[in-house]
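Chain by chain, the residues run as shown.
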Amino acid sequence: MLSIKEVSMTYQKGNKEALKDVSLNIEEGEFTALLGQNGAGKSTLINILAGNVKKTKGAVTIGGYDLDKKELETKKIIGIVPQDTGYDFIFTVDEALKKQSGYFGIKNNKAYVDELLEALYLTEKRNARLRDLSGGMRRRFLIAKALVHKPKILILDEPTAGVDIEMRHTLYDFLIKLHESGTTIILTTHYIEEAEKLCKRIVIIDGGKIIADEPKEELMDAFSREVIIEVHFDAALDLSDFEFLKEYHPQIEDKTRLQLKAAKKDLTKVFRQLSEKNMEFTNLVVEKPKLEDIYLNIINR
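Here goes a summary of the coordinates provided. Each chain has its residues counted from 1, running along the sequence as written. pLDDT decides what is reported in this predicted model: residues at 70 or higher carry local features, side-chain atom pairs at 80 or more are listed and counted, and totals for whole chains, interfaces and linings draw on all residues regardless. Side-chain measures were taken over the full set of non-hydrogen atoms in the model, leaving aside hydrogen atoms and water.

1. Notes on the overall build of the chain
As a reminder of what qualifies: The numbering of helices and of strands both runs from the N terminus, where a helix is a DSSP run of H or I of at least 4 residues and a strand a run of E of at least 2. The atom set for the radius of gyration is the C-alpha atoms, and the globule formula is 2.2 Å times the number of residues raised to the power 0.38. Throughout, exposure labels follow a simple rule: accessible area from a 1.4 Å probe, protein chains only, divided by the maximum for the residue type, with under 20% read as buried, over 50% as exposed, and the rest as partly exposed. The protein chains shown are the only cover counted for residues, whose accessible areas, like all others here, come from Shrake-Rupley with a 1.4 Å probe. Note that His is not counted, nor are the chain ends; the positive residues are Lys and Arg, and the negative ones are Asp and Glu. Throughout, a charge is located at the NZ atom of Lys, the CZ atom of Arg, the CG atom of Asp or the CD atom of Glu.
From N to C terminus, the chain includes 10 helices and 14 strands. Taking 19 Å as the expected radius of gyration for a compact globule of 301 residues, we find that the chain reaches 24 Å, considerably beyond that expectation. Counting only C-alpha atoms and orienting by the principal axes, one finds that the chain spans roughly 75 × 45 × 35 Å. Put simply, the chain has 301 residues, and 47% of those count as buried. Per element, the accessible surface of the chain, about 16,300 Å² overall, is 46% carbon and sulfur. For the chain, the distance from the average position of its 46 positive side-chain charges to the average position of its 49 negative side-chain charges is 7 Å.

What follows is the structure, given as structure tokens:
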């Protein structure tokens with residue numbers, strides 16, 4: 001569906017190499033997270049796919065079309081929700097979506113626009129001018145705008161930035177349904193829990209290079225050999241009482257919680273040692289690393 005082969009991009013101003021031989025294949029129907037810190041190269045890659053930036057070298061194929069030779073054809077296949085909410089703010093939501101439809105030669109698609117507005121909770125704002133929309137509403141408008149021509153691939157660049165928590169979860173539901181309908185989705189986000197909730201594949205880019213590309217479950221399993229164990233007690237604790245657990249790096253949190261780090265295979269051993277010492281605890285929690293922990297681990301490496 002989307003093929004990126006050895007793509008590099010060097011900005012003449014400052015001679016900055018933003019992308020370095022990036023190769024990536026996205027299959028039809030995938031829901032992929034593209035993660036990376038600010039300046040890692042995510043936005044540059046998206047701008048290349050959108051046709052806003054010309055790559056220095058490499059090849060990009062979208063839906064079987066070479067981006068360099070058939071850019072107009074690729075635009076029909078791909079929809080992009082940019083970070084920038086810049087648009088001609090004199091238009092109403094309805095007018096802007098009609099204008100976007102006309103860009104693709106689409107006429108009489110009012111029923112579909114109505115469907116998009118309802119799904120994105122914008123129906124009551126259809127006659128509002130874009131300049132009068134809140135930041136969160138503008139983000140939702142940009143999603144509607146990107147979908148107006150029913151693209152097979154949707155790329156979202158920080159789609160929930162500036163969106164409140166309730167609406168963020170509404171957007172999650174919308175994206176899940178859109179993916180289930182067959183749309184291929186690529187998501188960039190700084191909310192790592194967002195990627196963990198929605199995406200099936202995790203791609204991490206750093207310094208213009210892809211440093212990780214794995215199915216989410218495999219990535220998390222590979223980094224989940226160590227778990228955090230929290231043992232809760234009624235009374236204040238003294239670290240010297242837990243010398244027998246020193247191989248698990250014991251720490252005391254909030255005076256009454258003992259925190260340990262152990263390999264999953266050692267869980268039974270830890271529980272047995274606690275029992276042998278007649279430690280009367282009130283609660284015990286075992287927590288696997290979250291995607292955010294794994295992401296930071298990979299980036300720091």
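2. Quick notes on the pairing of strand 11 (residues 226-232)
The side chains of a regular strand alternate between the sheet's two faces. The test is simple: Two strands pair under a simple rule: DSSP has to find at least two bridges between them.
Summarising burial for strand 11: 5 of the 7 residues are buried, a large majority. Of the pairings in the sheet, the one linking strand 11 to strand 13 (residues 257-263) comprises 7 bridges and is antiparallel in character. Residue pairing for strand 13: Glu230 is matched across the bridge by Gln259.

3. Focus on the environment of Ala119
When you line up the elements, Ala119 lands in helix 4 (residues 110-119). Sequence separation between Ala119 and Val60 is 59 residues; the distance between their C-alpha atoms is 32 Å.

4. A word on the side chain of Arg168
Here is the rule we go by: The rule for a salt bridge is simple: a side-chain nitrogen of Lys or Arg has to be within 4 Å of a carboxyl oxygen of Asp or Glu. Here a polar contact means two N or O atoms within 3.5 Å. Within protein one must be a hydrogen donor candidate and the other an acceptor candidate, and residues neighboring in sequence count only if both atoms are side-chain atoms. For this analysis, residues touch if any pair of their heavy atoms sits within 4.5 Å.
Mapped onto the fold, Arg168 is located in helix 6 (residues 165-180). For the buried Arg168, no salt bridge exists, and the shortest N-O distance to an oppositely charged side chain is 4.4 Å, to Glu193. Side chain to side chain, Arg168 and Tyr191 meet in a polar contact 3.4 Å long. Residues contacting Arg168, with those up to four places away along its chain left out, are Thr160, Val163, Tyr191, Glu193 and Glu194.

5. Focus on the nonpolar core
Threshold: Throughout, nonpolar core names a set of buried Ala, Val, Leu, Ile, Met, Phe, Trp, Tyr and Cys residues whose side chains join them through atoms within 4.5 Å.
One finds Phe141, Leu154 and Ile202 to be the most contacted residues of the largest nonpolar core, which totals 49 residues. The element that contributes the greatest number of residues to this core is helix 5 (residues 135-147), accounting for 7 residues. Of all hydrophobic cores here, the second largest spans 27 residues; its members include Leu2, Met9, Val53 and Ile155.

6. Structural notes on the layout of surface pockets
It is the rolling of a water-molecule-sized probe over the atoms that shows where space remains empty. Counted only if it meets this: Put plainly, a pocket is an open set of points on a 1 Å grid over the protein atoms alone with protein on both sides within 12 Å along at least five of seven lines, a cavity is a set where a 1.4 Å probe fits but cannot get out, and a lining residue has an atom within 4 Å of a point. Grid points are joined across faces, edges and corners, and a volume is the space filled by probe spheres set on the points. Nonpolar residues are Ala, Val, Leu, Ile, Met, Phe, Trp, Tyr, Cys and Pro. Charged residues are Asp, Glu, Lys and Arg, and all others, Gly as well, are polar.
If you add up the space inside the second largest pocket, you get close to 330 Å³. Lining the second largest pocket are 15 residues, and of these Glu115, Ala119, Phe174, Lys177 and Leu178 sit closest to its centre. Breaking the lining of the second largest pocket down by element, the ones donating at least two residues are helix 4 and helix 6. If you tally residues by element for the lining of the second largest pocket, the top one is helix 6, at 5 residues. Residues belonging to the lining of the second largest pocket are distributed by class as follows: 8 nonpolar, 3 polar and 4 charged.

7. Things to note about empty space enclosed by the protein
The full count for this structure, using the stated rule, is 1 cavity of 30 Å³ or more. The computed volume of the largest cavity comes to approximately 60 Å³. Around the largest cavity, the lining residues are Leu2, Ile4, Leu24, Ile26, Thr32, Leu34, Leu45, Ile46, Leu49, Ile155, Ile186 and Val203. Put simply, the parts of the chain that give the lining of the largest cavity at least two residues each are strand 1 (2-11), strand 2 (16-26), strand 3 (31-35) and helix 1 (42-50). Of the residues forming the lining of the largest cavity, the biggest block, 3 residues, is contributed by helix 1. Looking at side-chain class alone, the lining of the largest cavity contains 11 nonpolar, 1 polar and no charged residues.

8. Quick notes on the sheet that holds strand 11
Inclusion rule: Axis lines are fitted through C-alpha atoms, for helices just across the contact stretch, and the angle between N-to-C directions can take any value from 0 to 180 degrees.
Across the sheet, which stays open at both edges, the 4 strands sit in the order 12-13-11-14 with antiparallel pairing between neighbours. Of all strands in the sheet, those bounded by a partner on one side alone are strand 12 (251-253) and strand 14 (283-287). The sheet shows a mean angle of 25° between the axes of neighbouring strands, taken without regard to direction.

9. Details of the packing of aromatic side chains
The description of an aromatic ring pair uses the distance of the two centres, along with the angle that the planes make with each other. Put simply, the rule is: Any two of the Phe, Tyr and Trp rings considered here, Trp counted by its six-membered ring, make a pair once their centres fall within 6.5 Å; the pair's planes then place it as stacked at under 30 degrees, edge-to-face at over 60, or tilted in between. Charges are assigned to positions over rings by a cutoff of 6 Å between ring centre and Lys NZ or Arg CZ, combined with an angular limit of 35 degrees from the ring normal.
Throughout the structure, instances matching the rule amount to 4 aromatic pairs. Taken together, the ring pairs connect Phe233, Phe242, Phe244 and Phe281 into an aromatic cluster. The ring of Tyr191 is capped by Arg168, whose NZ or CZ atom sits 4.1 Å from the centre of that ring.

10. Quick word on the sheet that holds strand 4 (residues 57-62)
Overall, antiparallel pairing links the 4 strands, which are arranged 2-1-4-5 in an open sheet. Both outer strands of the open sheet, strand 2 and strand 5 (65-66), are each paired with one neighbouring strand and no more. With 2 bridges joining them, strand 4 and strand 5 adopt antiparallel strand pairing. Of the residues in strand 5, the one forming a bridge with Ile62 is Tyr65.

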